[in-house]
Amino acid sequence: MPDAVDRLTPLGLMLLALLHEDDMHAYEMVRLLRERKADRLVALTHGTIYHTVARLERQGLIAEVGTDRDGNRPERTTYTLTEAGADMMIAWVRRELPAIDRPDRFRVALAESHNLDRGEVVALLSERRDALAASLGAHRQARDHAIERGSYPQFWIEVHRETALLSADVAWLDEAVEYIRRPDTVWGVTDLAPTDRYLAQREAARA
């Protein structure tokens, strides 16, 4: 499983997460990802998405469940998430949420963290928070020690920036964990009642 998780790209993870919502064809995946502005997290082109869909199918993470044709449009293949694909999606998010050395992957894992139980997400984000807090302490100690030894502050401006970013990240994680813990916070696909906007997105993507 670890080697397979390494081969799963952020885009592949997002496609598995889409199929966790429902079966759909690749064109529908493209439309939904663009509607949800997923290009802020991964590069979206028809070519990369169709290529990734084909790779996920070869790996047994998704499977064909039917085809349809609407008028003169090309035939469309509908895919479903396999048990292996669901396991892979969960394993990827579990690995990336607490990791502090892959920020781009963390953003994708965070966006799809609702696919995990809220208690597990709280634990993983708390683990990340502790690792960042340790890094923050090390940065502050190194900075203060260097200044005490007479190093000019301008040589440590990048460390000042990193210290500020780490401090903000730790503060945000404290807030996020408390938010997820709240019983009135909607969490997970099963807790989410489809809104009119969500249903309209799905119909538009299927058209």
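The paragraphs below set out a description of the structure included in this document. (Residues numbered from 1 in each chain as written. Predicted model: local features only at pLDDT ≥ 70, side-chain atom pairs only at ≥ 80, totals over all residues. Heavy atoms only, no water.)

1. Observations concerning the sheet that holds strand β2 (residues 62–68)
Read across the sheet, three strands follow the order β1-β3-β2 without closing on themselves; strand pairing throughout is antiparallel. In this open sheet, the two strands that pair with only one neighbour each are β1 (24–25) and β2. In the sheet, β2 pairs with strand β3 (residues 76–81) via six bridges, with the strands oriented antiparallel. Its bridge partner being in β3, A63 is matched across the sheet by T80. (Pairing = 2+ DSSP bridges. Helix = DSSP H or I, 4+ residues; strand = E, 2+ residues; numbered from the N terminus.)

2. Digging into the environment of I49
Following the sequence through the fold, I49 ends up in helix α4 (residues 46–58). With 19 residues separating them in the primary sequence, I49 and V30 have C-alpha atoms 7.2 Å apart.

3. Overview of the pattern of salt bridges
Applying the stated criterion across every chain, the model contains twelve salt bridges. R105 serves as the salt-bridge partner of E96, at 3.8 Å between the closest nitrogen and oxygen. In this pair, the class of E96 matches that of R105, namely buried. Where D101 meets R102, a salt bridge forms, and the shortest distance between an N and an O atom there is 3.4 Å. The exposure class assigned to R102 is partly exposed, which follows from its relative accessible area of 28%. It is possible to trace a salt-bridge network through shared partners that takes in D6, R95, E96, D101, R102 and R105. (Salt bridge = Lys/Arg side-chain N within 4 Å of Asp/Glu carboxyl O. Buried < 20%, exposed > 50% of the residue type's maximum accessible area, 1.4 Å probe, protein only.)

4. Points about the packing of helix α7 (residues 118–148) against helix α8 (residues 157–181)
Two numbers describe how α7 lies on α8: the axes approach to 9 Å, and their chain directions differ by 160°. By the angle class used here, α7 and α8 are roughly antiparallel. Considering how the two elements wind past one another, α7 and α8 form a crossing that is left-handed. Across the contact of α7 with α8, the residue classes tally to twelve nonpolar, six polar and nine charged. (Axes fitted to C-alpha atoms, helices over the stretch in contact; angles between N-to-C directions. Parallel < 35°, antiparallel > 145°, perpendicular 65-115°, else oblique. Left-handed = near helix turned anticlockwise from the far one by under 90°. Nonpolar A, V, L, I, M, F, W, Y, C, P; charged D, E, K, R; others polar.)

5. What about α4?
For α4, built from 13 residues, the straight-helix expectation of 18 Å at 1.5 Å per residue is met to within 8% by its first-to-last C-alpha distance of 18 Å. Regarding α4, the residues found buried are I49, T52, V53, R55 and L56. All buried residues of α4 fall inside an arc of 165° around its axis, so they share one side. Summarising the geometry of α4, the exposed residues directed more than 90 degrees from the buried face are G47 and R58. Packed against the buried residues of α4 are α2 (10–21), α3 (26–35), β2 and β3. (Expected span 1.5 Å × (residues − 1). Arc of directions from axis to C-beta. Contact = heavy atoms within 4.5 Å.)

6. Here we look at the packing of α3 against α4
Between α3 and α4, the least distance of the axes is 10 Å, while the angle of their chain directions is 125°. Taken together, the axis directions place α3 and α4 in an arrangement best described as oblique. As for the relative orientation of α3 and α4, their crossing is right-handed in sense. Every residue of α4 that contacts α3 at A26, Y27, M29, V30, L33 and R34 is listed here: H46, I49, Y50 and V53. For the contact of α3 with α4, a count of residues per class yields eight nonpolar, one polar and one charged.

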